[in-house]
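Take a look at the letters that make up each chain.
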Protein chains: 2
Amino acid sequence: MASIPRIGIDAMGGDHGPGVVVQGVCLALREMPGRLSVTLIGDETEIRPHMKRDVEGLPIEVVHAAGRIDMAEKAVAAARRGSSSISVMTQLHKQGKVDAIFSAGNTGAVVASALLGLGRLEAVSRPALAAFFPSSGGGCVVLDVGANAECKPSYLVQFAHMGSVYARYLLGRDNPRIGLLSIGEEDTKGNDLVFESLPLLRRANHLNFIGNVEGRDVFRDTCDVVVTDGFTGNVLLKTAESVAALLFQKIRSEVAGDPMAMLGTVLMKPALRRVMRQIDWEEHAAAPLLGVNGVCFIGHGSSTSRAIRSAIRTVTTFVEKRVNEHIREEIEADRDTAA
Amino acid sequence: MASIPRIGIDAMGGDHGPGVVVQGVCLALREMPGRLSVTLIGDETEIRPHMKRDVEGLPIEVVHAAGRIDMAEKAVAAARRGSSSISVMTQLHKQGKVDAIFSAGNTGAVVASALLGLGRLEAVSRPALAAFFPSSGGGCVVLDVGANAECKPSYLVQFAHMGSVYARYLLGRDNPRIGLLSIGEEDTKGNDLVFESLPLLRRANHLNFIGNVEGRDVFRDTCDVVVTDGFTGNVLLKTAESVAALLFQKIRSEVAGDPMAMLGTVLMKPALRRVMRQIDWEEHAAAPLLGVNGVCFIGHGSSTSRAIRSAIRTVTTFVEKRVNEHIREEIEADRDTAA
């Protein structure tokens, strides 16, 4: 690792194209001068036009990659295509030319590319995608939200360790509370995976395990980390996102035809803005693929430049705090149940 | 069945006590004169005081049951206790003294009591709890949301048939679109249950099966019925409820200290009320346990009298339209894959 982290960023990732990615990178570099440098990966002819005035004096280099992976492409096949910006980015990381990678592109392809290209941390059986959820407290990390549709109980113990380390170093929680996602708090409720994982989690070392929790606990500040299989976690993630979207859409459409209500929203704007800041997915849009032998974060396809800025901030902190070393140590220290 | 349905109602069910249940019953009976009669089951000394002026001339009888099951009690053990209002209610239904039952009490206990006391419809392997979700269209039914944490693929085909019949007769959908909950639309995504259920659902008769759907599709009017195992469905249900609750709580608390915003909410009230009417859980708070040999609906513990009124309306329609007969017919007609 160089003295300051060099972050590799997929310039072609995301719905809004390279312009928004370049903007986000500039925001991040201006906000954190001297803390990182950036390598943009993608089609130079598309990236360069966005790098005119803004980038002067900023530590950005561009590595050309001719291909791109569309949002709708099948993950594994796409990831194997060596010429894409995602594949080139992963290779740069593998070769040690960048210290971390970030893409707001096709999630499945980034996951597949990282798994194939970087491999796993020695102690980890299955890397997991960790998503941050706002709550009535400081928020909660849920993993896995999609990397492993089928999980063994021992994977969930590893997820717990990885989530615990993440919550400690990235969210500043002292002794992160870990919950196992189930359909009731009682030990007697759950599916086979829950029944088999519960005793393993209970006897794991170094874990502040609080027992079974429910979907609602993710949003209630009852725990800092929730572990589950990647199928259930993915359903939880997409459900939460779409309920919020549905509510705002309904409110917007009802307000649109009602002048008094439109005036009302103007008066409410500062309060609503404060709410949005608290539950802001954009501020926490980057999900780490914990457990790969490298640092890989994935952003929402709809990431704005602000979202990309905060993603880069999180990635940089992850590298600075050497989270992967702590993950390795923590899982090794619980060899009995997790490793 | 008598000429009009007699509905058995657990007067002790719900967080607000018998007073609210009696109020809801009165609202329903006044709204639908001549369409139903009601048997209230519970502790007479607690019910009678709420039956003074309101109930005059209304077709209500009371059956005494001394015991009650608390919301926190373990389901199966509680359900076996014969003296509780839930058990007495189930027995009345089994004996044909009421044509349907409804409780806003302990969900697990009502499910267990119905499964043990009523048994299954002949064609059905596993009854499923079906929940209604508001969407950008007319709403969507998801099942199972908690009766079966572990499911076989053939159960999901039966859930599809039961959900389809329910959507047709209760929600008025002509040819209900059925989706299988997964973590992507592609056939290649999912867990083992999804992979095994998909071909069965594809070749099932009489089903308008549209393939795999995601958590977000529940709220997007892409389908009318979503089938899943009771573990995933329960997580989906509790996540959706708590995201909505979290949003409203955050908005309320930010508005509270801001006089302009408070004025804003006053101006927005009619628009917000229209939104609430569209996404109103109270209007759809009764979840049927489809596939039991009887008619059993379960309400949210926090049900208000309005919620109980709409639940009774739905239960009555379910009996009138003889939904169970249609379920039996539909599953029998697809003997190859579902029965």
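Residues numbered from 1 in each chain as written. Chains lettered and ligands numbered in written order. Predicted model: local features only at pLDDT ≥ 70, side-chain atom pairs only at ≥ 80, totals over all residues. Heavy atoms only, no water.

**Q** Would you mind going over the interface of chain B and chain A with me for this structure?
**A** Accessible area lost upon the coming together of the parts serves often as the stated size of an interface. In this assembly, 57 residues from chain B lie in contact with 57 residues from chain A. For Arg216 of chain A, the salt bridge is made with Glu241 of chain B, and the minimal N-O distance between the two is 3.9 Å. Viewed at the interface, chain A and chain B are joined by 6 residue pairs in polar contact (both at pLDDT 80 or more). Put simply, the parts of the chain that give the side of chain B that touches chain A at least two residues each are α7 (192–203), α8 (230–256) and α9 (259–278) of chain B. The element that contributes the greatest number of residues to the side of chain B that touches chain A is α8 of chain B, accounting for 21 residues. Its residues assigned to classes, the side of chain B that touches chain A comprises 28 nonpolar, 17 polar and 12 charged. (Contact = heavy atoms within 4.5 Å. Salt bridge = Lys/Arg side-chain N within 4 Å of Asp/Glu carboxyl O. Polar contact = N/O pair within 3.5 Å; in protein donor to acceptor, adjacent residues only side chain to side chain. Helix = DSSP H or I, 4+ residues; strand = E, 2+ residues; numbered from the N terminus. Nonpolar A, V, L, I, M, F, W, Y, C, P; charged D, E, K, R; others polar.)

**Q** Any chance you could explain the pairing of strand β5 (residues 128–133) of chain B here in plain terms?
**A** A regular strand places its side chains on the two faces of the sheet in alternate fashion. Residue and element names in this part refer to chain B. A large share of β5 lies buried, amounting to 6 of its 6 residues. Both faces of β5 are covered, namely the face carrying Ala128, Ala130 and Phe132 and the face carrying Leu129, Ala131 and Phe133. Judged from the 4 bridges that link them, β5 and strand β6 (residues 140–143) form a sheet pairing that is antiparallel. Its bridge partner being in β6, Phe133 is matched across the sheet by Cys140. (Buried < 20%, exposed > 50% of the residue type's maximum accessible area, 1.4 Å probe, protein only. Pairing = 2+ DSSP bridges.)

**Q** Quick question: what am I supposed to make of the relation of the copies chain B and chain A here?
**A** Once chain B has been moved 0.0 Å along the axis and rotated by 180°, it coincides with chain A to within an RMSD of 0.0 Å. On this basis, the relationship between the two copies can be described by a two-fold rotation axis. Closest to the rotation axis within chain B is the C-alpha of Gly264 of chain B, separated from it by 1.8 Å. In this assembly, 100% of the residues forming the interface of chain B have copies in chain A that are likewise at the interface, indicating an isologous arrangement. (Least-squares fit on C-alpha atoms with pLDDT ≥ 70 in both.)

**Q** I would appreciate a short explanation of the sheet that holds β6 of chain B in the present structure.
**A** Hydrogen bonds between backbone atoms are what pair the strands of a sheet, whose relative direction is either parallel or antiparallel. All names here are of chain B. The sheet built from 11 strands is open, its strands ordered β3-β2-β1-β4-β11-β10-β5-β6-β9-β7-β8 with mixed pairing. The sheet terminates laterally at β3 (60–64) and β8 (208–213), the two strands that pair on one side only. Direction aside, neighbouring strands of the sheet carry axes that sit 25° apart on average. For strand β2 (residues 37–42) and β3, the ladder comprises 5 bridges, and the chain directions are parallel. Bridge pairing in β3 places Gly42 opposite His64. The strands touched by helix α4 (residues 85–94) are β1 (6–10), β2, β3 and β4 (100–103); relative to β4, the strand with the most contacts, the crossing angle is about 165°. Against the sheet, helix α6 (residues 153–170) contacts β5, β6, β7 (177–181), β9 (225–227), β10 (287–290) and β11 (296–298), and its axis sits at roughly 165° relative to β9. (Axes fitted to C-alpha atoms, helices over the stretch in contact; angles between N-to-C directions.)

**Q** Mind showing me how you'd approach helix α11 (residues 323–332) of chain B here?
**A** Three or four residues apart is the spacing at which side chains of an α-helix point the same way, because the helix has 3.6 residues per turn. All names here are of chain B. Burial in α11 covers these residues: Val323, Asn324, His326, Ile327, Glu330 and Ile331. Projected onto a plane normal to the axis of α11, the buried residues spread over an arc of 160° and lie on a single side. Those residues of α11 that are buried lie in contact with α6, β10 and α10 (305–320). (Arc of directions from axis to C-beta.)

**Q** What is the right way to look at the pattern of salt bridges in this model?
**A** A side chain of one charge can pair with a side chain of the opposite charge when the charged atoms of the two come close. Residue and element names in this part refer to chain A. By the definition in use, this model includes 34 salt bridges over all chains. With a closest N to O distance of 3.8 Å, Lys189 and Glu186 form a salt bridge. Taken together, the salt bridges that share partners define one network made up of Arg173, Arg177, Asp221 and Asp224.

**Q** I keep staring at the nonpolar core and nothing clicks. Help me out?
**A** Within soluble globular proteins, side chains that are nonpolar generally end up buried alongside one another. Ranked by size, the top nonpolar core spans 224 residues in total, and within it Leu40 and Leu143 of chain A together with Leu40 and Leu143 of chain B carry the most contacts. Counting residues in hydrophobic clusters, the runner-up holds 12 residues, among them Val255 and Ala261 of chain A together with Met268 and Val275 of chain B. (Core = buried A, V, L, I, M, F, W, Y, C linked by side-chain atoms within 4.5 Å.)

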